[in-house]
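# Close look at the chain arrangement
Here's the letter readout for the chains.
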Amino acid sequence: MKLSKIAGETSQPPILRVAAQINEKIARGETFHNFTIGDFDGRIFPIPALLTDYVVDSYRDHQTNYPGPVGLPGLRDGVRQLVRRYAGVDYDVSQIQISSGSRPLIYGMYRAVVDPGDKVVFPVPSWMNDAYCHLCAAQPVPVPTRPQNHFMPTAAELEPYLADAAMLALCSPQNPTGTVFAADQLREICELVVAENRRRGPDEKPLYVLFDQVYWLLTFDGIEYPHPAALCPEIQDYLFCADGLSKSFAGTGVRVGWGYGPAHLVRSVSDTVAYIGAWAPKPEQIATGRFLEDLDAVDAFLVPFRVALHDRLRAIYDGFQAMKARGLDVDAIAPQAGIYLTVRINLVGKRTASGQVLQSNEDALAYLLDEARVGILPFSFFGAADESQWYRISVGTCRLETVPALLQSLEKALSALQ
Ligand SMILES: Cc1ncc(COP(=O)(O)O)c(C=O)c1O
């Protein structure tokens, strides 16, 4: 039966198709190395123990009524402290909105600034901007990025598309690449946005920036995390940042997110969050507020968490470099942050042991799934060109001791190709 035009045109993300194939294999008892999941296994990467205690306390204390439209003051104050401490920028509590994870804030920001037909510029590969554009009937303007820049966009790449755009959507550290903006690279982009808004004048709708920073506290040794508002204070009038517990605190299922920006934007995002009832549960808000107020506890959680993620990503990265040194047609970008590694595997045009020539990236993915028994996601699933040879490896469900088996399985399958 007919649905709305927007609902009818919504296609199933290819990630779900691959997930179903992998689940079938696992259900059949096949050995499989699944590195596709952009989520955590809570037994390997639990949320902070204190946070769990505080959530339980809040339920025991019967804190189960509506949390209010903007979020609890204690949590907003905790967010303020977190942002001040780690990003060096100070947002007033009134500029902070709480929601059930960062997604309602991202959607709310699209709703706040994008009219049907408006252009939204975003780099590719990136996470979900195509879907949010579809939901808002926006015109997506995907801008390809390059491995030389770790797949982060540059001002020169974005500039040609900004003159008539309503929004620029950025993400750092980025999904799917696990890479971070360099400070100069981000500063130039911010300056471009400020210059574009000066050109537009006060009666025109400005060019806004959605800055998704859900992985920002997970940068590895020696990698600086530049925050747009710290680099370029003038951008604050147009900037909305989305963040939350999901990635930096391994709490994808806890559903506490926060966003901040200028009051007029926050008010509008807040309305969307309220209409769809996407508030974070009150007990979780109380607990997160108590946790974030204790920045020593935050550090005590983050330091070993970063090491554990980096160890896994580094082990896989080293494995790829070793395969490359042995002559296989692969490469990898050194991990910078978050839970993803960017790798290149060139399979197209190669002949399998059974004589089949891999004609397309579709064939290449099938070979990885069926022969290597390895699940990783092609960048084409994140908006990159179909022929891209780059893939995302996620370590959110990875035990370190399983990395050698992944690498051996992959190397065996790659070595069998001619
Ligand atoms: C870049 C990015 N932003 C936002 C999200 C969604 O996070 P949340 O669980 O806070 O809604 C994800 C989840 O994978 C993500 O990768």
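As the structure is a prediction and not an experimental result, all values here were calculated from the model. (Residues numbered from 1 in each chain as written. Predicted model: local features only at pLDDT ≥ 70, side-chain atom pairs only at ≥ 80, totals over all residues. Heavy atoms only, no water.)

### Notes on the environment of Ser-394
Summarising the element assignment, Ser-394 is placed in strand 13 (residues 390–394). Residue class for Ser-394 comes out buried when judged on its relative accessible area of 1%. Taking the C-alpha atoms as reference points, Ser-394 and Arg-312, separated by 82 residues in sequence, lie 9.6 Å from one another. Once residues within four sequence positions are removed from consideration, Ser-394 is found in contact with Phe-35, Thr-36, Ile-37, Gly-38, Ile-339 and Tyr-340. There is a polar contact of 2.5 Å between the side chain of Ser-394 and the backbone oxygen of Ile-37. Among the polar contacts made by the side chain of Ser-394, one reaches the main-chain amide nitrogen of Gly-396 at a distance of 3.5 Å. (Helix = DSSP H or I, 4+ residues; strand = E, 2+ residues; numbered from the N terminus. Buried < 20%, exposed > 50% of the residue type's maximum accessible area, 1.4 Å probe, protein only. Contact = heavy atoms within 4.5 Å. Polar contact = N/O pair within 3.5 Å; in protein donor to acceptor, adjacent residues only side chain to side chain.)

### Some words on the sheet that holds strand 10 (residues 340–345)
Taking strand neighbours across the sheet as the criterion, the 4 strands line up as 9-10-13-12 in an open arrangement whose pairing is antiparallel. Pairing within the sheet leaves two strands with one partner each, and these edge strands are strand 9 (330–333) and strand 12 (377–378). One ladder, built from 2 bridges, connects strand 12 with strand 13; its direction is antiparallel. Counterpart to Leu-377 in the pairing with strand 13 is Arg-392. Contacts from helix 12 (residues 295–325) reach strand 9, strand 10 and strand 13 within the one sheet, and its direction differs from that of strand 9 by about 145°. (Pairing = 2+ DSSP bridges. Axes fitted to C-alpha atoms, helices over the stretch in contact; angles between N-to-C directions.)

### Comments concerning the domain arrangement of the protein chain
On domain assignment, one finds that the protein chain holds domain 1 (5–45 + 300–415) and domain 2 (49–295). In this structure, domain 1 and domain 2 have C-alpha centres spaced 27 Å apart. Between domain 1 and domain 2, the contact holds 29 residues from the first and 31 residues from the second. Both sides together, the interface formed by domain 1 and domain 2 hides about 2700 Å², and carbon and sulfur atoms give 67% of it. Scanning the region where domain 1 abuts domain 2 turns up 0 salt bridges. If you look at where domain 1 meets domain 2, you find 14 residue pairs in polar contact (both at pLDDT 80 or more). Examining the composition of the side of domain 1 that touches domain 2, we find that 7 residues originate from one element, helix 12, more than from any other. (Domains from an automatic or database assignment. Buried area = accessible area lost by both parts, 1.4 Å probe. Salt bridge = Lys/Arg side-chain N within 4 Å of Asp/Glu carboxyl O.)

### Topic: the site of the ligand
Near the ligand lie 13 residues; those nearest to it are Ser-102, Asp-212, Tyr-215, Ser-246 and Arg-255. Ser-246 is positioned such that a nitrogen or oxygen atom in its side chain is 2.6 Å from an oxygen atom of the ligand. Between Lys-247 and the ligand, the recorded distance is 2.8 Å, taken from a side-chain N or O atom to an oxygen atom. With respect to the detected pockets, the ligand is housed in the largest pocket. Within the shell around the ligand, the residues separate by chemical class into 5 nonpolar, 4 polar and 4 charged. (Near = heavy atom within 4 Å. 1 Å grid on protein atoms, 1.4 Å probe; cavity = no way out; pocket = protein on both sides within 12 Å on 5 of 7 lines; lining within 4 Å. Sits in = over half its atoms within 2 Å of the grid points. Nonpolar A, V, L, I, M, F, W, Y, C, P; charged D, E, K, R; others polar.)

### Section: the environment of Phe-151
Among the secondary structure elements, Phe-151 is positioned in the loop between strand 4 (139–144) and helix 7 (155–158). Not counting the four nearest positions on each side in its chain, Phe-151 is found in contact with Pro-125, Thr-145, Arg-146, Gln-174, Thr-177, Ile-333, Thr-342, Phe-379 and Trp-390.

### Details of empty space enclosed by the protein
Taken as a whole and judged by the stated rule, the model has 1 cavity of 30 Å³ or more. Counted as a void, the largest cavity has a volume near 120 Å³. Those elements giving two or more residues to the lining of the largest cavity turn out to be helix 5 (103–113), helix 6 (129–135), strand 5 (165–171) and strand 6 (208–212). For the lining of the largest cavity, a count of residues per class yields 9 nonpolar, 4 polar and 1 charged. (Points joined across faces, edges and corners; volume = space filled by probe spheres on them.)

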